[in-house]
Amino acid sequence: MGAGYPPPMKITYDLPEGDFTQVPNQLLSCEFLKPNDKITWMRLASLCRNGRSNPTIRSRSDMAKARGLNCKTLESGIRRLKKNGGLLLEGGDIVLVIPTEALPEPTIHEEIDEKPDRKHAMTQKEAWELIKEGWNKDKPEAWMRLDGSFNLPLYIAFETQAKRLNIEREDYARFTAQVCRGATADPWWSRQTMKASSVFGFSKVTDKKFENVEKLYKAGAAVESKIDYACDADILARYHEKGRTDLIKVIRLEAEDSLQATEHLNAIPDEEYDPTAAYIYFAPGLERPIHWSGRTTNSTRYLFS
């Protein structure tokens, strides 16, 4: 060693006897994959020898089990790796690649498609009726009515919009009406001749329509909603705003006064009482209810006062 040169720095590690993973050095230096992406890449590569996975790997569950991972954790890692260009799907097969450039930013629709499917207690056709009720009740005068039978492409677009904003099916009437109220208060939107598909989209939704619906929905929150006591959607929307999304139907009853209504509601036998219904009592000749389910609870005490 020549004078003036420092001694070499050594790097050592114990060589594995057989349980090791081969990955290209380009993976380590790839600037388009995040550290967690690289770990997922190496975990998947660890299931391979000579670039091919072991024939015993037949499912994602097998992959997760082989590496001692929760299946959801592995699935999440695979989705991120695919999104960032480190993985291709060919049929059901996975192909690991090293990206050489950044992928285009995903659309809002693509991001929503990556989210897990939601579970619903309400059918699509039931939810469709709520959408029509909310639209026709509060739409700007220039907008076209929403009538007719179930429209699947429009419904898909609407449900994608609702999924993005975390709106459940039971709340679709309120959501639709609030978007419409936001449009009614806007000088430009209120003058346009709009169909529901012009607002929410038709099957595939553009980023612009997602942004428009979110803007109108937020604007509509500041516009007072008029209650039609003959409309189930209006009554349920008030309950849902207070967190009572368990209520999905309305039962209207008559009573002479609030005391009689209270006594009647309390006297309904357990086997006849419907916990999914909002019981609303009206006195003869009065439009506004005199008693309702939850009137003794703080959150809904003044719901229709």
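Described below are features of the structure shown in this document. (Residues numbered from 1 in each chain as written. Predicted model: local features only at pLDDT ≥ 70, side-chain atom pairs only at ≥ 80, totals over all residues. Heavy atoms only, no water.)

**Here we look at the pairing of strand β5 (residues 249-254)**
And then number 1: Both β5 and strand β6 (residues 277-282) contribute to a ladder of six bridges, which runs parallel. Residue Ile 251 lies in a different strand from β6, and its bridge partner there is Tyr 279.
And then number 2: Traced from β5 through helix α12 (residues 258-267) to β6, the parallel crossover comes out right-handed. (Pairing = 2+ DSSP bridges. Helix = DSSP H or I, 4+ residues; strand = E, 2+ residues; numbered from the N terminus. Right-handed = clockwise from strand over helix to strand, strands pointing away.)

**Overview of helix α11 (residues 232-241)**
Helical geometry note: an α-helix holds 3.6 residues per turn, so side chains three or four residues apart project in the same direction.
And then number 1: For α11, the buried fraction is high: seven of the ten residues fall into the buried class.
And then number 2: By the burial criterion, the buried members of α11 are Ala 233, Asp 234, Ile 235, Leu 236, Ala 237, Tyr 239 and His 240.
And then number 3: In this structure, the buried residues of α11 make contact with α6 (124-138), α8 (172-184), β5, β6 and β7 (291-292).
And then number 4: Downstream of α11 by a residue or two, Gly 243 has a phi angle that is positive, lying close to 90°. (Buried < 20%, exposed > 50% of the residue type's maximum accessible area, 1.4 Å probe, protein only. Contact = heavy atoms within 4.5 Å.)

**Concerning unusual backbone geometry**
And then number 1: The phi angle at Asn 50 is positive, at roughly 55°, despite the residue not being glycine.
And then number 2: Within the element layout of this structure, Asn 50 appears in the loop between β1 (48-49) and β2 (52-53).
And then number 3: Of note, the phi angle at Asn 166 is positive, near 60°, even though the residue is not glycine.
And then number 4: If you trace the backbone, Asn 166 turns up in the loop between α7 (152-164) and α8.
And then number 5: On the basis of relative accessibility, which here comes to 62%, the residue Asn 166 falls in the exposed class.

**Digging into the packing of aromatic side chains**
And then number 1: Inspection of every chain in the model, using the stated rule, returns 16 aromatic pairs.
And then number 2: Taking the centre distance of 5.9 Å and the plane angle of 70° together, the rings of Tyr 239 and Phe 304 count as edge-to-face. Highlighted residues: Tyr 239 in helix α11 and Phe 304 in the segment after β7, separated in sequence by 65 residues.
And then number 3: According to the relative accessible area criterion, Phe 304 is buried, its value standing at 1%.
And then number 4: Ring geometry for Trp 292 and Phe 304: centres 5.4 Å apart, planes at 90°, overall edge-to-face. Placement of Trp 292 in strand β7 and of Phe 304 in the segment after β7 is noted, with a sequence separation of twelve residues between them.
And then number 5: In this structure Trp 292 comes out as buried when scored by relative accessible area, which is 1%.
And then number 6: Among the aromatic residues, ring-to-ring pairing joins Trp 135, Trp 143, Phe 158, Tyr 172, Phe 175, Trp 188, Trp 189, Phe 200 and Tyr 217 into one connected group. (Phe/Tyr/Trp six-rings, centres within 6.5 Å; stacked < 30°, edge-to-face > 60°.)

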